[in-house]
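Inside the fold
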Amino acid sequence: MIVIESVAGMQAQSRNWQQSGESIALVATMGNLHQGHISLVDIAKNKADRVVVSIFVNPTQFAEGEDLDTYPKTWDADKTACELAGVDCIFFPGESEMYYKNKSIGVSEESLSQSLCGASRPGHFSGVVTVVAKLFNICLPDYAVFGRKDFQQLSIIKRLVRDLNFPIEILEGDIIREADGLAMSSRNQYLSADERLAALLINQSLHAAELLYESGEKQCSALIRRFLETAEQVGLRIDYAEIRSVEHLELLEMVFEQSVFAVAVYVGDTRLIDNVVLKSTEI
Ligand code: PAF
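Residues numbered from 1 in each chain as written. Predicted model: local features only at pLDDT ≥ 70, side-chain atom pairs only at ≥ 80, totals over all residues. Heavy atoms only, no water.

**Considering the overall build of the protein chain**
For clarity, the cut-off: Comment: elements are numbered from the N terminus, with helices defined as DSSP H or I runs of at least four residues and strands as E runs of at least two. Each radius of gyration is computed over the set of C-alpha atoms, and the globule rule expresses the reference value as 2.2 Å times the number of residues to the power 0.38. Using a 1.4 Å probe on the protein chains alone, a residue whose accessible area is under 20% of its type maximum counts as buried, one over 50% counts as exposed, and one in between counts as partly exposed.
Secondary structure assignment for the protein chain yields nine helices and nine strands. A globule of 283 residues ought to have a C-alpha radius of gyration of about 19 Å, and the protein chain, at 19 Å, matches this closely. For the protein chain, the spread of C-alpha atoms along the three principal axes comes to 55 × 40 × 40 Å. Out of the 283 residues in the protein chain, the part that is buried amounts to 53%.

**As for the site of the ligand**
So the rule is basically this: By convention in this text, a residue qualifies as near a molecule or strand provided that one of its non-hydrogen atoms is within 4 Å of it. Contacts described as polar in this section are N or O atom pairs within 3.5 Å, which, within protein, must combine one atom able to donate a hydrogen with one able to accept it, while residues neighboring in sequence count only if both atoms come from side chains. Method for areas: the Shrake-Rupley scheme with a 1.4 Å probe, in which residue coverage is limited to the protein chains shown. The classification used treats Ala, Val, Leu, Ile, Met, Phe, Trp, Tyr, Cys and Pro as nonpolar, Asp, Glu, Lys and Arg as charged, and all other residues, Gly among them, as polar.
Taken together, the residues surrounding the ligand are Ala 28, Thr 29, Met 30, Asn 58, Gln 61, Val 131, Phe 146 and Gln 153. One nitrogen or oxygen atom from the side chain of Gln 61 is found 2.6 Å from an oxygen atom belonging to the ligand. At 2.7 Å from an oxygen atom of the ligand is found a side-chain nitrogen or oxygen belonging to Gln 153. Its free accessible area being 290 Å², the ligand has 88% of it covered by the protein chains. Along the lines of polarity and charge, the residues of the shell around the ligand split into four nonpolar, four polar and no charged.

**Quick word on the environment of Phe 146**
Note the cut-off: A contact between two residues is defined here by any heavy atoms of the two lying within 4.5 Å.
With respect to the helices and strands, Phe 146 occurs in strand 5 (residues 143–147). When the C-alpha positions of Phe 146 and Gly 36 are compared, they lie 10 Å apart, and in sequence the two are 110 residues distant. Phe 146 has contacts with Ala 28, Leu 40, Val 132, Phe 136, Gln 153, Leu 154, Ile 157, Ile 170, Leu 171, Glu 172 and Gly 173, leaving out every residue within four places of it along the chain.

**Looking at helix 3 (residues 75–85)**
Put simply, the rule is: This arc corresponds to the set of directions leading from the helix axis out to the C-beta atoms.
Within the span of helix 3, buried status applies to Asp 78, Cys 82 and Ala 85. Buried residues of helix 3 fall within an arc of 70° about the axis and therefore sit on the same side. Of the exposed residues in helix 3, the ones pointing more than 90 degrees away from its buried face are Asp 76 and Leu 84. Taken together, the buried residues of helix 3 touch helix 2 (35–47), strand 3 (50–55) and strand 4 (89–91). Positioned one or two residues after helix 3, Gly 86 has a phi angle of 85°, which is positive.

**Examining the pattern of salt bridges**
Defined as follows: Salt bridge, as used here: a side-chain nitrogen of Lys or Arg that lies within 4 Å of a carboxyl oxygen of Asp or Glu.
The tally for this structure, following the rule as stated, stands at 13 salt bridges. Between Arg 148 and Asp 174 there is a salt bridge, with its nearest N and O atoms 2.2 Å apart. Of this pair, Arg 148 sits in the loop between strand 5 and helix 7 (151–163) while Asp 174 is found in the loop between strand 6 (169–173) and helix 8 (193–214), placing the two residues 26 residues apart along the sequence. Note on Arg 148: relative accessible area 25%, which makes it partly exposed. Arg 196 is paired through a salt bridge with Asp 180; the nearest N and O atoms lie 3.1 Å apart. With Arg 196 in helix 8 and Asp 180 in the loop between strand 6 and helix 8, this pair connects stretches of sequence that are 16 residues apart. A residue is classified by how much of its surface remains accessible, and Arg 196, at 24% relative accessible area, is partly exposed. Taken together, the shared-partner salt bridges in this structure form one network comprising Arg 148, Lys 158, Glu 172 and Asp 174.

**Considerations on the state of the cysteines**
To keep things clear, this is the line we draw: Here, the term disulfide refers to a pair of cysteine sulfur atoms separated by no more than 2.5 Å.
Evaluated as defined, the whole model comprises zero disulfides. Here Cys 82 stays unpaired: no disulfide links it, and the sulfur of Cys 89, its closest cysteine neighbor, is 9.7 Å away. We classify Cys 82 as buried; its relative accessible area is 0%. Cysteine Cys 220 shares no disulfide, and the gap to the nearest cysteine sulfur, in Cys 117, comes to 18 Å. Using a relative accessible area of 3% as the deciding quantity, one classes Cys 220 as buried.

Okay, here's the thing in structure tokens:
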């Protein structure tokens, strides 16, 4: 496995692979790799000849007061995890390699990013979409793999590829959960033991709403009420709990098409997200 820190070095490596007819899949990460990331690497490996994992804690997607400074950095463990997973290359740039001091161009998304996490974290998705566009231009992948846990991010990246004509196929990875159901996230390690227990209610409450849906309830307000009843029992502070269409993330009143029930919840000071896709049934 090789580690490349420079943009020019990464582009040269990817061009070499391209010239020898090898396809490339990118798994973009901010490091602190867990099984969720490795599941994306597995998808990448099944599809492409070469797998690149980028590790870059992107400052432009963190707002003032968010956890940029404390975001866990675990380079040695990440490198070992990539080696064991059969990654071909880690792209590991520093901040000055990624961003010119006088940078003046970025990418913004003006529809899908206005709600959910975008509403609570102004500027977040401009930061994400710009760095992902840059990573696409640097790593030159044929495929890029993103997880469904960040459902809104995935939707926006698919729109980025469509609207800016990146010749890249986006592959999707399922949410990977701990044995007790908590969705894997680098931010889980901020939780105290009590908070970790309380956080279990996020998935359990989503599941309660999903069961109600499967029993025939199609009204979003009733499904959201079911989620809140359970989640608020343990004092979780809800940032949002919304049901939206999968395709355009439009707010729904009735689940009449494939929809996503997406939530963001504060457990203590830690903000966690999760979601469940409500599959369309005959209505
Ligand atoms: O999902 C993440 O880890 C980040 O938002 C991403 C896609 C690597 C961009 O910095």
